[in-house]
Amino acid sequence: MPWCAVLRFTDPEVCAAAVQGADVEVFPTARGCFDTEITKVRFDRLWMQRFHSALPQVATVVHKPDRKAISFLTDPQSPTLTYCGLEVLPGDVIVSRGGVIHKRFGRDVRNGAMSLPTNEWNTALKAITGGELAETQLGSIVRPDAALMSRLLRLHNAVGQLAHESPDILELPEVGRALEERLIHIMVRCLSESTARPIKTGGHRHDAIMMRFEEFLAAHPDRPLYLTEICAGIGVAERTLRASCEEHLGMGPIRYLTLRRLHLVRSALLAAEANRTSVTRIVTDHGFWELGRFSVAYRTLFGESPSETLRQPAQHRMIHLDRPSSLPIDASAARLQ
């Protein structure tokens with residue numbers, strides 16, 4: 001049975017856990033209140049999502065292997081986003097690949113996504129086009145026929161509006177079935193009647209380096225990591241890793257590691273109980289030893305001191321977001337159980 005949910009988040013960790021069909025890490029890159037809205041609609045086969053994020057951010061994404069996904073900007077006036085070092089313009093479609101990918105978002109970006117189980121993806125392609133996607137289109141950015149892309153955006157927007165304004169209509173089985181068929185049909189036509197973006201300078205080599213980089217970070221989640229050991233661990237010279245990070249993340253590896261650790265510290269402070277630990281213990285556990293400089297960097301990014309974060313009530317996050325539209329609007333404020 002179809003279902004939908006409109007969720008608003010003030011916590012990037014909870015927001016990342018709500019994205020369906022992928023494992024995601026979200027790191028805001030500028031000071032301000034985190035504010036992201038996700039509109040989720042699930043049909044029997046097709047899943048669709050719409051995102052509106054206020055702050056600029058970097059996202060690390062690993063799509064589930066059993067689904068194929070596309071994503072795109074939903075507003076012609078939206079700021080651009082970057083996918084694995086390539087600028088994504090309004091009218092472009094990202095055909096996501098397996099493995100680790102990076103996306104960079106500016107302020108106030110509006111984007112959407114759709115996915116199908118892999119077997120349904122292949123069946124739909126063969127039924128509608130008689131074949132499969134060209135190898136050059138897989139894991140790349142494509143430019144569909146403008147009229148088809150316009151139809152996809154209008155339909156995607158209309159379904160999003162129903163989720164906001166009339167979810168009871170959207171969840172009717174026959175309405176859901178009709179909309180799902182239309183979305184699948186126009187999605188496949190957009191993909192089949194498109195041209196692929198040429199591969200960028202650095203190409204697949206930088207993609208492979210960033211995949212190894214993220215795999216190394218994931219393999220050592222509980223301790224601070226430093227550039228020398230990372231370069232040795234993944235077999236890449238520092239200069240090459242720096243070029244790959246600048247391309248994919250818009251920043252060098254040292255800044256990215258620091259940003260990542262700042263967010264890990266904040267998560268640890270929010271989860272801790274002030275009477276059982278200290279800021280110093282949590283901060284030094286994450287590899288920061290110049291506490292004065294750390295406090296300045298922390299306040300600059302989050303708008304409060306580490307001790308103010310620790311004094312907040314502990315947030316024990318048990319996140320179960322793949323449920324129907326009875327979910328509360330402000331998911332992070334409600335601390336979903």
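Residue indices begin from 1 for each chain and proceed along its sequence in written order. It should be noted that, the model being predicted, local features are given only for residues of pLDDT at least 70 and side-chain atom pairs only at 80 or more, the latter also being counted only at that level, while totals for whole chains, interfaces and linings use all residues. Only hydrogens and water are set aside when side-chain values are computed; all heavy atoms of the structure are taken into account.

## A look at the packing of helix α9 (residues 253-271) against helix α11 (residues 291-302)
Helices that pack against each other are described as a pair by the angle of their axes relative to one another and the distance between those axes.
And then number 1: Where α9 meets α11, the axes come as close as 11 Å, and the angle between the chain directions of the two elements is 85°. Accordingly, the angle class assigned to the pair α9 and α11 is roughly perpendicular. Counting all contacts with α9, which are made through Leu259, Leu262, His263, Val265, Arg266 and Leu269, the residues of α11 involved are Phe294, Tyr298, Leu301 and Phe302.
And then number 2: Under the convention adopted here, Pro, Cys and the residues Ala, Val, Leu, Ile, Met, Phe, Trp and Tyr are nonpolar, Asp, Glu, Lys and Arg are charged, and Gly plus all remaining residues are polar. Its residues assigned to classes, the contact of α9 with α11 comprises 8 nonpolar, 1 polar and 1 charged. Axis definition: a line fit to C-alpha positions, over the contact stretch in the case of helices; interaxial angles, taken between N-to-C directions, run 0 to 180 degrees. Going along the chain from the N terminus, every DSSP run of H or I of four or more residues is numbered as a helix, and every run of E of two or more is numbered as a strand. Should an angle fall under 35 degrees it is called roughly parallel, over 145 degrees roughly antiparallel, and 65 to 115 degrees roughly perpendicular, with every other angle called oblique. Residue contacts follow a heavy-atom distance rule, with two residues in contact if any of their heavy atoms lie within 4.5 Å.

## Some points on the pairing of strand β10 (residues 100-105)
And then number 1: Most of β10 is tucked away: 5 of the 6 residues are buried.
And then number 2: Pairing between strands requires that DSSP locate at least two bridges from one strand to the other. Where strand β5 (residues 57-63) lies against β10, 6 bridges are found, and the strand directions are antiparallel. Directly across from valine 61, in β10, lies its bridge partner isoleucine 101. Throughout, exposure labels follow a simple rule: accessible area from a 1.4 Å probe, protein chains only, divided by the maximum for the residue type, with under 20% read as buried, over 50% as exposed, and the rest as partly exposed.

## Overview of empty space enclosed by the protein
And then number 1: Cavities and pockets were defined on a 1 Å grid built over protein atoms only: a cavity is a set of grid points that admits a 1.4 Å probe from which the probe cannot escape, a pocket is an open set flanked by protein on both sides within 12 Å along at least five of seven lines, and lining residues are those with an atom within 4 Å of any such point. Grid points are joined across faces, edges and corners, and a volume is the space filled by probe spheres set on the points. Counted by the stated rule, this structure contains 2 cavities of 30 Å³ or more.
And then number 2: In terms of lining, the largest cavity is formed by 30 residues, of which the most central are Val19, Val24, Phe51, Val61 and Lys103.
And then number 3: Those elements that provide at least two residues to the lining of the largest cavity are β2 (22-28), β4 (47-53), β5, β6 (67-73), β10 and β11 (109-117).
And then number 4: Looking at the lining of the largest cavity residue by residue, the class counts come to 15 nonpolar, 11 polar and 4 charged.

## Details of the layout of surface pockets
Gaps between atoms show up when a probe of the same size as a water molecule is rolled over them.
And then number 1: In this model, the second largest pocket occupies a volume close to 340 Å³.
And then number 2: Lining the second largest pocket are 15 residues; nearest its centre among them are Thr258, Arg261, Gly287, Phe288 and Trp289.
And then number 3: Every element with two or more residues in the lining of the second largest pocket is listed here: α9 and α11.
And then number 4: Within the lining of the second largest pocket, the residues separate by chemical class into 10 nonpolar, 2 polar and 3 charged.

## Digging into the packing of aromatic side chains
And then number 1: Centres within 6.5 Å make a pair out of two Phe, Tyr or Trp rings, where for Trp the six-membered ring is used; the pair is then stacked when the planes are under 30 degrees apart, edge-to-face when over 60, and tilted otherwise. Per the stated rule, a full pass over the model turns up 5 aromatic pairs.
And then number 2: Consider the rings of phenylalanine 213 and tyrosine 256, whose centres lie 6.0 Å apart with planes at 50°: the pair is tilted. Taken as a pair, phenylalanine 213 in helix α6 (residues 203-219) and tyrosine 256 in helix α9 lie far apart in primary sequence, 43 residues in all. With respect to class, phenylalanine 213 is no different from tyrosine 256; both count as buried.
And then number 3: Measuring from ring centre to ring centre gives 5.6 Å for phenylalanine 294 and tyrosine 298, while their planes differ by 40°; the resulting arrangement is tilted. Here phenylalanine 294 pairs with tyrosine 298, and both are found in helix α11, just 4 residues apart, close to one helical turn. This pair shows no difference in class: phenylalanine 294 is buried, exactly as tyrosine 298 is.
And then number 4: Lysine NZ or arginine CZ positioned within 6 Å of the ring centre and within 35 degrees of the ring normal marks a charge as sitting over the ring. The positively charged end of arginine 42 is found above the aromatic ring belonging to tryptophan 47, 3.7 Å away from the centroid.
And then number 5: In this structure, arginine 67 packs its charged tip against the face of tryptophan 47, placed 3.7 Å from the ring centre.

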